[in-house]
Amino acid sequence: MVTPDELHGGEYELVAVLTHDDIAHFAVQYFLHRHSWVTWLHHLMSLATIAAAVAAGWGSAGASFAQAGLGLLAMVIVILPLHEALHALAYRLCGARDIRWSYTLRTLVVYVTAHRFVVTTKPFLFVALAPFLLNVPLVICALVWPQYAVFFLAILVFHLHGESGDWAMLNFIWIHRDRGFWTWDDADAGKSYFYGRRSAL
């Protein structure tokens, strides 16, 4: 396994540095400004979920707004911790041991880092997509209990929005796919480093 020190020089080249306090800027750049099929797929899922929630709540605006409000509350209290716990579990299954939970008050972002643990494309995809599993039971619950469909679909909408940072990372990998992908977190410095194979040019 490659170590952070081995990524300096040689066949590897630093492609980007992400400051954890500025995660929102990175997400905006690679989720909203630099599009690929990855971001368009996420937008399609979000629009489909919003349309399904509107259809489920059609004709009962008051109850629908109440369920949507409860959905937002459930997202913050239940889903968000589970989301980050799945990131942490995925990191641990990949071999990371120094896993840290952090947050930024300025942007109200919560995130998990694996201090000085290098991951390549496949392990990182596993870590980034692990919380997506939470969306499956939400869809199932909306189908099984249609009277509460707006509640479950609202959670799904908010969770898809909350996953935008993960999908920005996936889009970053796709855009730089021709150079390979290695990344590691320096939790003490509050930064993540992304490397690719050194350009031949």
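To start, this report covers the structure provided alongside it. As the structure is a prediction and not an experimental result, all values here were calculated from the model.

### Let's talk about helix α7 (residues 164-175)
Then, number 1: Along its twelve residues, α7 runs 16 Å from first to last C-alpha, staying within 8% of the 16 Å computed at 1.5 Å per residue.
Then, number 2: Most of α7 sits out of view: nine of its twelve residues are buried.
Then, number 3: Listed in full, the buried residues belonging to α7 are S164, D166, W167, A168, M169, L170, N171, F172 and I173.

### Some thoughts on the side chain of D185
Then, number 1: Looking at the secondary structure, you find D185 in strand β5 (residues 182-186).
Then, number 2: Among buried charged residues, D185 stands out as having no salt bridge; its nearest opposite-charge side chain is R100, 9.4 Å away.
Then, number 3: Separated by 3.0 Å, the side chain of D185 and the backbone nitrogen of A114 make a polar contact.
Then, number 4: Side-chain polar atoms of D185 contact the side chain of S192, separated by 2.5 Å.
Then, number 5: The contacts of D185, once residues within four sequence positions are left out, are H20, Y91, T113, A114, H115, R116, F117, K191 and S192.

### Focus: the sheet that holds strand β1 (residues 12-19)
Then, number 1: Taken in spatial order, the four strands line up as β1-β6-β5-β4 in an open sheet, and their pairing is antiparallel. Taken across any chain shown, the strands that pair with only one partner, and hence form the sheet edges, are β1 and β4 (119-120).
Then, number 2: Pairing analysis gives seven bridges linking β1 to strand β6 (residues 191-197), with the strands arranged antiparallel. Bridge pairing in β6 links A16 to F194.

### Digging into helix α4 (residues 121-129)
Then, number 1: What α4 keeps buried is the set F124, V127 and A128. Down the axis, α4 shows its buried residues gathered within 95° of arc, on one side only.
Then, number 2: On its buried side, α4 packs onto α3 (61-94), β4, α7 and β5.

### A closer look at the pairing of β6
Then, number 1: Burial analysis of β6 places five of its seven residues in the buried class, which makes it a mostly covered element.
Then, number 2: Here β5 folds back onto β6, and the loop between the two strands holds four residues, one of which, G190, carries a positive phi near 70°.

### Looking at the pattern of salt bridges
Then, number 1: Under the counting rule described, the total for this entry stands at four salt bridges.
Then, number 2: Salt-bridge contacts for R116 lead to D5; the nearest nitrogen and oxygen are separated by 3.6 Å. Linking R116 in the loop between β3 (109-114) and β4 with D5 in the segment before β1, this pair joins segments that are 111 residues apart in sequence.
Then, number 3: Judged by relative accessible area, which is 55%, D5 ranks as exposed.
Then, number 4: Here D188 makes a salt bridge to R100, at a shortest N to O gap of 2.7 Å. With D188 in the loop between β5 and β6 and R100 in strand β2 (residues 99-104), this pair connects stretches of sequence that are 88 residues apart.

About the criteria used
- Residues numbered from 1 in each chain as written.
- Predicted model: local features only at pLDDT ≥ 70, side-chain atom pairs only at ≥ 80, totals over all residues.
- Heavy atoms only, no water.
- Helix = DSSP H or I, 4+ residues; strand = E, 2+ residues; numbered from the N terminus.
- Expected span 1.5 Å × (residues − 1).
- Buried < 20%, exposed > 50% of the residue type's maximum accessible area, 1.4 Å probe, protein only.
- Lys, Arg positive; Asp, Glu negative; His and termini not counted.
- Salt bridge = Lys/Arg side-chain N within 4 Å of Asp/Glu carboxyl O.
- Polar contact = N/O pair within 3.5 Å; in protein donor to acceptor, adjacent residues only side chain to side chain.
- Contact = heavy atoms within 4.5 Å.
- Pairing = 2+ DSSP bridges.
- Arc of directions from axis to C-beta.

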